[in-house]
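The primary structure of each chain is shown beneath.
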Amino acid sequence: MTQADLVIRDCAELLTCRGPLPKRKDALRDCGSIENGWIASLQGRIVFVGSEPEFRNEVVAGDEIDWIDGRNLIALPGFVDSHTHLPFAGDRVREFGLRLQGWTYTQLAEQGMGIRTTVAATRAVSRDELAGLCLKRLDRMLLHGATTVEAKSGYGLNFDDEIKQLEVLAEVNRLHPIDVVPTFMGAHDIPAEYRDRTDAYLDFLIDRLMPAVQVRRLADFFDVFCERGVFSLEETRRLVEAAQRAGFGIKIHSDEFTALGATELAAEVGAVSAEHLIQITPDGIRALAGSPTVALLLPGVPFFLMLDKRPPARDLIDAGAALALGSDFNPGSSMVSSMLFVLQLGVFTLRLTVEEAINACTANAACAVGRQAEIGSLEPGKKMDVILCEVPSRAHLVYELGPNPVRHVVKNGRLVVRDGRRV
Ligand code: NIG
Ligand code: FE
């Protein structure tokens, strides 16, 4: 018999999302659904997933047990938001207004706005202010079902402010129930101080910041924006190779607005993910087919920037790429912090099936942050990170837009959202 200290009983439907990872092709359509499912944990780890009779046979429900009633609720793994730019200050609503008048994101960046606006605002705030902003945002993310959030630096772009962003991430990871996965993205842009001296900025990133971030253990991953006007393919390769030598896992912003070959590079160097892929080429798709490098699509970006072009989700799935979805939450190109909305965009704008979108926000998204042994699916041994949604079927998660159906959130075996409110 197994001991448990928390049981979620009688879920109308329990989506486990389990199966060999990452999920590809037809396997991406299998959410591992159990009708009238029960799930139990001990000290934050799942010890049982199955039916009521199996539960009665296998689990000792002692007096100390906490019960959550799953009737009329659908349970699924907490969402993993595997791409965000969480620690920023200010907003870009003025630039949004200009975009509504016809300016493009790229034109704004060329005029010295874009990322640079947010760099100035983020440099200007204290650690405490930045932590406060992050905590508020993490609360909103949790209320919409995210239990793990990757977060990139990259609005400091100098020694002190990159370290400040990463230290704030470490602090909010301690203070907030959401697990924050930190990524060092000093290569998000070239700061004004290094204009026309990109090589000197690369030297600074490689010789000063990478070792400083490593010594302080402030990031799991290194990320770089490979894009025309930002970092070229050759510069990206130099950075990525140095980051690997320094001990970082690799993520790459590739093929967002221009195809420069960074997706192929991501697969070649064994990056954990290639992210965006709006302009991915047939060679890029071939590189990701069957590769462990996750194709991480961010449907908030073409939606928020009102682009006609979408990343070719169906071609990627058919080719056998491991597809995941993330929010790219940031003030310029995707002011989208709800993973539930990302799931809905995956269906409405990328034409995924509901099941594909669910797996892409959970099991495969966990692979995109290298944490698939811990999170992303509901099975014994993994973290008890579960969301309970008040909808009659999983299709209703997508079918009805606007209201938030997330009723309860359990993180590490603790109820952190009850009846739609933080506890
Ligand atoms: O993923 N592409 C680079 N970074 C973000 C945008 C950041 C910003 O505009 O502030 C992105 O789209
Ligand atoms: Fe991004």
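Structure report, in brief. (Residues numbered from 1 in each chain as written. Chains lettered and ligands numbered in written order. Predicted model: local features only at pLDDT ≥ 70, side-chain atom pairs only at ≥ 80, totals over all residues. Heavy atoms only, no water.)

1. Re the overall build of the protein chain
Part 1 of the reasoning: Across its full length, the protein chain carries 16 helices and 19 strands.
Part 2 of the reasoning: Taking 2.2 N^0.38 as the reference for a compact globule, 423 residues should give roughly 22 Å; the C-alpha atoms of the protein chain span a radius of gyration of 21 Å, in line with that estimate.
Part 3 of the reasoning: Considered along the principal axes of its C-alpha atoms, the protein chain spans approximately 70 × 45 × 45 Å.
Part 4 of the reasoning: Counting every position in the protein chain, which comprises 423 residues, the buried fraction comes to 59%.
Part 5 of the reasoning: Restricting the contact set of the protein chain to residue pairs at least 6 apart, pairs at least 24 apart contribute 73%.
Part 6 of the reasoning: Split by element, the accessible area of the protein chain, about 16300 Å² in all, is 48% carbon and sulfur.
Part 7 of the reasoning: Considering the protein chain, the positive charge centre built from 46 side chains and the negative charge centre built from 57 side chains are found 2 Å apart. (Helix = DSSP H or I, 4+ residues; strand = E, 2+ residues; numbered from the N terminus. Rg over C-alpha atoms; globule rule 2.2 N^0.38 Å. Buried < 20%, exposed > 50% of the residue type's maximum accessible area, 1.4 Å probe, protein only. Contact = heavy atoms within 4.5 Å. Areas by Shrake-Rupley, 256 points an atom, 1.4 Å probe, with all protein chains shown as cover. Lys, Arg positive; Asp, Glu negative; His and termini not counted. Charge placed at Lys NZ, Arg CZ, Asp CG, Glu CD.)

2. With respect to the coordination of the iron ion (ligand 2)
Part 1 of the reasoning: Around the iron ion (ligand 2), the donor atoms from the protein are His83 (NE2), His85 (NE2), His253 (NE2) and Asp328 (OD), and they sit 2.0 to 2.4 Å away.
Part 2 of the reasoning: The sequence pattern formed by the donor residues of the iron ion (ligand 2) is H-x1-H-x167-H-x74-D. Of this pair, histidine 83 sits in the loop between strand E8 (79–81) and helix H2 (93–100) while aspartate 328 sits in the loop between strand E15 (323–325) and helix H13 (339–350); the two residues are 245 residues apart in sequence, bridging distant segments of the chain.
Part 3 of the reasoning: Using a relative accessible area of 0% as the deciding quantity, one classes histidine 83 as buried. (Donors = N, O, S within 2.8 Å, 3.2 Å for Na, K, Ca; no water.)

3. Looking at the site of ligand 1
Part 1 of the reasoning: Taken together, 15 residues are adjacent to ligand 1, and Tyr105, Tyr155, Glu256, Asp328 and Ser333 come closest.
Part 2 of the reasoning: Between ligand 1 and tyrosine 105 there is a distance of 2.4 Å, counted from an oxygen atom to a side-chain nitrogen or oxygen.
Part 3 of the reasoning: Expressed as a share of its isolated accessible area of 320 Å², the protein-covered part of ligand 1 is 100%.
Part 4 of the reasoning: Put simply, ligand 1 lies in the largest cavity.
Part 5 of the reasoning: For the shell around ligand 1, a count of residues per class yields four nonpolar, eight polar and three charged. (Near = heavy atom within 4 Å. Polar contact = N/O pair within 3.5 Å; in protein donor to acceptor, adjacent residues only side chain to side chain. 1 Å grid on protein atoms, 1.4 Å probe; cavity = no way out; pocket = protein on both sides within 12 Å on 5 of 7 lines; lining within 4 Å. Sits in = over half its atoms within 2 Å of the grid points. Nonpolar A, V, L, I, M, F, W, Y, C, P; charged D, E, K, R; others polar.)

4. Observations regarding the side chain of arginine 137
Part 1 of the reasoning: Secondary-structure assignment places arginine 137 in helix H5 (residues 127–143).
Part 2 of the reasoning: No salt bridge is formed by the buried arginine 137, whose closest oppositely charged neighbour, aspartate 91, lies at an N-O distance of 8.4 Å.
Part 3 of the reasoning: In this structure the side chain of arginine 137 is engaged in a polar contact, spanning 2.8 Å, whose partner is the backbone oxygen of phenylalanine 88.
Part 4 of the reasoning: When sequence neighbours within four positions are dropped, the list of residues in contact with arginine 137 reads Leu86, Phe88, Gly90 and Phe329. (Salt bridge = Lys/Arg side-chain N within 4 Å of Asp/Glu carboxyl O.)

5. So, the pattern of salt bridges
Part 1 of the reasoning: Taken as a whole and judged by the stated rule, the model has 27 salt bridges.
Part 2 of the reasoning: One salt bridge connects lysine 251 with glutamate 275, and the closest N-O pair in it is separated by 2.7 Å. With lysine 251 in strand E12 (residues 249–254) and glutamate 275 in strand E13 (residues 273–276), this pair connects stretches of sequence that are 24 residues apart.
Part 3 of the reasoning: Three or more residues are tied together by salt bridges with common partners; here these are Glu150, Lys152, Asp223, Lys251 and Glu275.

6. Some thoughts on the packing of helix H8 (residues 233–246) against helix H9 (residues 262–269)
Part 1 of the reasoning: Put simply, H8 and H9 touch, their axes get as near as 11 Å, and they point 25 degrees apart. Comparing the axis directions of H8 and H9 gives the class roughly parallel. Regarding H8 and H9, the two cross each other, and that crossing is right-handed. Where H8 approaches H9, its residues Leu233, Thr236, Arg237, Val240 and Gln244 are matched on the opposing element by Ala262, Leu265, Glu268 and Val269.
Part 2 of the reasoning: In terms of residue class, the contact of H8 with H9 is built from five nonpolar, two polar and two charged. (Axes fitted to C-alpha atoms, helices over the stretch in contact; angles between N-to-C directions. Parallel < 35°, antiparallel > 145°, perpendicular 65-115°, else oblique. Left-handed = near helix turned anticlockwise from the far one by under 90°.)

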